[in-house]
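Report on the structure
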Amino acid sequence: MYAIIKASGQQFKVQEGDIICFDNMSLEPKAQVEFKEVLALDNGEITVGTPFVDGAVVKGEVINEGRDKKVIIYKKRRRKDSKLKRGFRRDFTRVRITSIIAA
């Protein structure tokens with residue numbers, strides 16, 4: 001059984017036991033999270049929502065929060081002696097999917 005959920009502006013395919021990194025949610029470890037925006041659900045037969053599946057909920061537990069590896073953005077304009085180097089580290093929340101509840 002799997003579900004496709006919408007969270008933090010992205011779509012994720014999740015199953016029970018999966019560990020997914022979402023954008024920072026500012027939650028404590030072991031906090032419970034519910035995702036009610038379920039776009040599709042497969043439990044033997046595929047159910048597609050319009051836009052969301054009624055009554056379907058995906059529950060998860062926060063494992064930890066952290067920062068990803070640094071991403072370097074480097075721009076160079078050839079023959080112009082112009083360079084720009086910037087970088088950032090994305091904050092994330094790691095969540096373990098505990099259950100998928102259909103309607």
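Only a predicted model underlies this, so the values are computations on that prediction, with no experimental measurement involved. (Residues numbered from 1 in each chain as written. Predicted model: local features only at pLDDT ≥ 70, side-chain atom pairs only at ≥ 80, totals over all residues. Heavy atoms only, no water.)

This paragraph deals with the nonpolar core. Counting residues in hydrophobic clusters, the biggest one holds 18 residues, and the most contacted among them are Ile-5, Val-14, Phe-22 and Val-58. Elements represented by at least two residues in this core include exactly β1 (2–7), β2 (10–15), β3 (19–23), β4 (32–35), β5 (38–42), β7 (57–77) and β8 (82–101). Not counting chain neighbours up to four residues away, the residues in contact with Val-58 comprise Ala-3, Ile-5, Val-14, Val-33, Glu-34, Phe-35, Val-38, Ile-97, Ser-99 and Ile-100. (Core = buried A, V, L, I, M, F, W, Y, C linked by side-chain atoms within 4.5 Å. Buried < 20%, exposed > 50% of the residue type's maximum accessible area, 1.4 Å probe, protein only. Helix = DSSP H or I, 4+ residues; strand = E, 2+ residues; numbered from the N terminus. Contact = heavy atoms within 4.5 Å.)

Here we take up the sheet that holds β3. If you trace the 4 strands from one edge of the open sheet to the other, you get β3-β8-β7-β4, paired in antiparallel fashion. Strand pairing shows two members of the sheet lacking a second neighbour, β3 and β4, which therefore form its edges. For this sheet, the mean angle separating the axes of adjacent strands, direction not counted, is 50 degrees. Pairing between β4 and β7: 4 bridges, direction antiparallel. (Pairing = 2+ DSSP bridges. Axes fitted to C-alpha atoms, helices over the stretch in contact; angles between N-to-C directions.)

Topologically, Thr-93 is positioned in strand β8. Side-chain polar atoms of Thr-93 contact the side chain of Asn-24, separated by 3.4 Å. Polar side-chain contacts of Thr-93 include one of 3.3 Å to the side chain of Glu-65. Once residues within four sequence positions are removed from consideration, Thr-93 is found in contact with Ile-20, Cys-21, Phe-22, Asp-23, Asn-24, Met-25, Ser-26, Val-62, Asn-64 and Glu-65. (Polar contact = N/O pair within 3.5 Å; in protein donor to acceptor, adjacent residues only side chain to side chain.)

This part is about the side chain of Asp-42. Its location among the elements puts Asp-42 in strand β5. Here Asp-42 is buried and forms no salt bridge, its nearest opposite-charge partner Lys-13 lying at an N-O distance of 7.3 Å. Polar side-chain contacts of Asp-42 include one of 3.3 Å to the backbone nitrogen of Gly-44. Ignoring any residue separated from it by four or fewer positions in sequence, one finds Asp-42 in contact with Met-1 and Tyr-2. (Lys, Arg positive; Asp, Glu negative; His and termini not counted. Salt bridge = Lys/Arg side-chain N within 4 Å of Asp/Glu carboxyl O.)

Attention now moves to a nonpolar patch on the surface. Together, Val-71, Ile-73 and Phe-88 give the surface a local cluster of nonpolar side chains, amounting to about 240 Å² of exposed area. On the secondary structure map, Val-71 appears in strand β7. (Patch = residues over 30% accessible without salt bridge, like charges linked within 9 Å, V, L, I, M, F, W, Y side chains within 5 Å. Areas by Shrake-Rupley, 256 points an atom, 1.4 Å probe, with all protein chains shown as cover.)

Now for unusual backbone geometry. Thr-50 connects to Pro-51 through a cis peptide bond whose omega is -5 degrees. Relative to the helices and strands, Pro-51 is located in the loop between β6 (46–48) and β7. You will see that Ser-26, though not glycine, has its phi angle at about 55 degrees, which is positive. Located in the positive-phi region is Lys-30, a residue other than glycine, with phi close to 70 degrees. The topology assignment puts Lys-30 in the loop between β3 and β4.

Purely spatial values, then, with no claim about function.
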